[in-house]
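Secondary and tertiary structure notes
Each chain, written out:
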Amino acid sequence: MLNSKFGDYLAFVRRKMLEDQIAARGVRDGLVLETMEKVERHLFVDEYLRNRAYEDCPLPIAEGQTISQPYIVALMTECLALKGGEKVLEIGTGSGYQTAVLAELAKEVFTVEYYPVLAEKAKAALKGRGYDNIKFKTGDGHEGWKEYAPYDAIMVTCAPKELPAALLEQLAGGGRLAAPVGGQEQTLALYTRTASGLEKSDITRVRFVPMIAAGTTGE
Ligand code: SAH
C-alpha cells in the first residue's frame, strides 16, 4: 500500500520533471520524451537521495562523480536522433541512468566506465531492470571500444579537453557523436559523419566532470 503510493508519487514527479525541466526547455523528440518519463532515475542513485531523484540537477554518485541532470540527459539523447536500430557507444557509464535511456531507444549499447565500483553498481542496477542489450567494459574510454566499432551513435558523458580521435574514428557513416568538450568552460558538441565529411555544431554550454586523462589514476 505504502509502496504503491510512493510509486504513484514518483510517477507524478517524473511527469512534472518531463514537463517543467525537459519539454519546457525545448526537447521535442517524442521518443526521448516518452523514455524520460519511463526510466526511473531514483533507481540509479543511493537510497538516501531517492526522494531528490527528479530534481533539476546532477546528484552525487560514488568516486566523486555525478549522475547528470535530467534535462541534459534528454538533450544529449535528442542530439543522437535514435530510431531503434542503432549500435551505440557510451563513454562514462556512471550511475547507468543515461545507459538505460540509450538502451530503451537503441538496439545495442556498449558502455565504458573508468571506475570498477561504478561499473559494477551500474551493471547491477541495469540487469535488475531487465536490460539485456548492454555490454559493459571497465577502463579508460579514450580509445573507445574498437572490437565492436563502428557505432551509429556515440555519447560521451565526461568532458575531455579535446575530443579523443579514436572516438571519431569509430563513428559510422551517417552517425552522430555528442560530447561535452573543454576544461572549466565546456561546450556540448555534436558531430555528424556525412558523405562529405565530419560536420560539427555547438549545442550549448555545459558542465560535466572531467574525462580522466589516459595514463592517470584518476586521483
Ligand atoms: N551518464 C552518467 C554520467 C556520469 S559522470 C550518469 O548519468 O550517471 C561521468 C562518468 O564518466 C563518471 O562515472 C566517470 O567515472 C566516467 N569517466 C571519467 N573519465 C573517464 C574515462 N577516461 N574513461 C571512462 N569513463 C570515464
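Scroll up for the structure.
Residues numbered from 1 in each chain as written. Predicted model: local features only at pLDDT ≥ 70, side-chain atom pairs only at ≥ 80, totals over all residues. Heavy atoms only, no water.

Considerations on the sheet that holds strand β3 (residues 87-91)
Ordered in space as β5-β4-β3-β6-β7-β8-β9, the seven strands form an open sheet in which the pairing is mixed. Strand pairing shows two members of the sheet lacking a second neighbour, β5 (134-138) and β9 (197-206), which therefore form its edges. Here the strands of the sheet are splayed against their neighbours by 15° on average, with no regard to which way each runs. Pairing between strand β4 (residues 108-113) and β5: five bridges, direction parallel. Along β5, the bridge assignment pairs V112 with K137. Set on the sheet, helix α3 (residues 70-80) makes contact with β6 (151-156), β7 (171-182), β8 (186-194) and β9; between it and β7 the angle comes to about 150°. (Pairing = 2+ DSSP bridges. Helix = DSSP H or I, 4+ residues; strand = E, 2+ residues; numbered from the N terminus. Axes fitted to C-alpha atoms, helices over the stretch in contact; angles between N-to-C directions. Contact = heavy atoms within 4.5 Å.)

Some words on the side chain of D29
With respect to the helices and strands, the residue D29 is situated in the loop between α1 (2-23) and α2 (30-38). No salt bridge forms around the buried D29; measuring N to O, its nearest opposite-charge neighbour K83 is 4.8 Å away. At a separation of 2.9 Å, a polar atom in the side chain of D29 contacts the main-chain amide nitrogen of L31. (Buried < 20%, exposed > 50% of the residue type's maximum accessible area, 1.4 Å probe, protein only. Lys, Arg positive; Asp, Glu negative; His and termini not counted. Salt bridge = Lys/Arg side-chain N within 4 Å of Asp/Glu carboxyl O. Polar contact = N/O pair within 3.5 Å; in protein donor to acceptor, adjacent residues only side chain to side chain.)

Describing the pattern of salt bridges
Tallied over the full model, the rule gives eleven salt bridges. Between E19 and R15 there is a salt bridge, with its nearest N and O atoms 3.1 Å apart. On the criterion of helical spacing, the pair formed by E19 and R15 is a turn pair, its members being four residues apart in helix α1. With relative accessibility at 37%, the residue E19 sits in the partly exposed group. Classification of R15 by relative accessible area gives partly exposed; the value is 38%. Linking D202 and K200 is a salt bridge whose minimum nitrogen-to-oxygen distance equals 3.2 Å. One continuous salt-bridge network, built from bridges that share partners, spans R15, E19 and E37.

Some details on a nonpolar patch on the surface
A surface patch of nonpolar side chains, amounting to about 330 Å² of accessible area, comprises F6, Y9 and F12. Looking at where F12 falls in the secondary structure, it is placed in helix α1. (Patch = residues over 30% accessible without salt bridge, like charges linked within 9 Å, V, L, I, M, F, W, Y side chains within 5 Å. Areas by Shrake-Rupley, 256 points an atom, 1.4 Å probe, with all protein chains shown as cover.)

Side note on the pairing of β9
One ladder, built from nine bridges, connects β8 with β9; its direction is antiparallel. Pairing of L188 across the sheet is with T204, part of β9. Where β8 folds back onto β9 in an antiparallel hairpin, the turn is made up of two residues.

Considering the site of the ligand
S95, E113, D140, G141 and I212 are the nearest of the 24 residues found near the ligand. One of the side-chain N or O atoms of S95 is found 2.6 Å from an oxygen atom in the ligand. Considered on its own, the ligand offers 570 Å² of accessible surface; in the complex 100% of this is hidden by protein. Listed by contribution, the elements that provide at least two residues to the shell around the ligand are β2 (66-67) and β4. Class assignment of the residues belonging to the shell around the ligand gives a composition of ten nonpolar, twelve polar and two charged. (Near = heavy atom within 4 Å. Nonpolar A, V, L, I, M, F, W, Y, C, P; charged D, E, K, R; others polar.)

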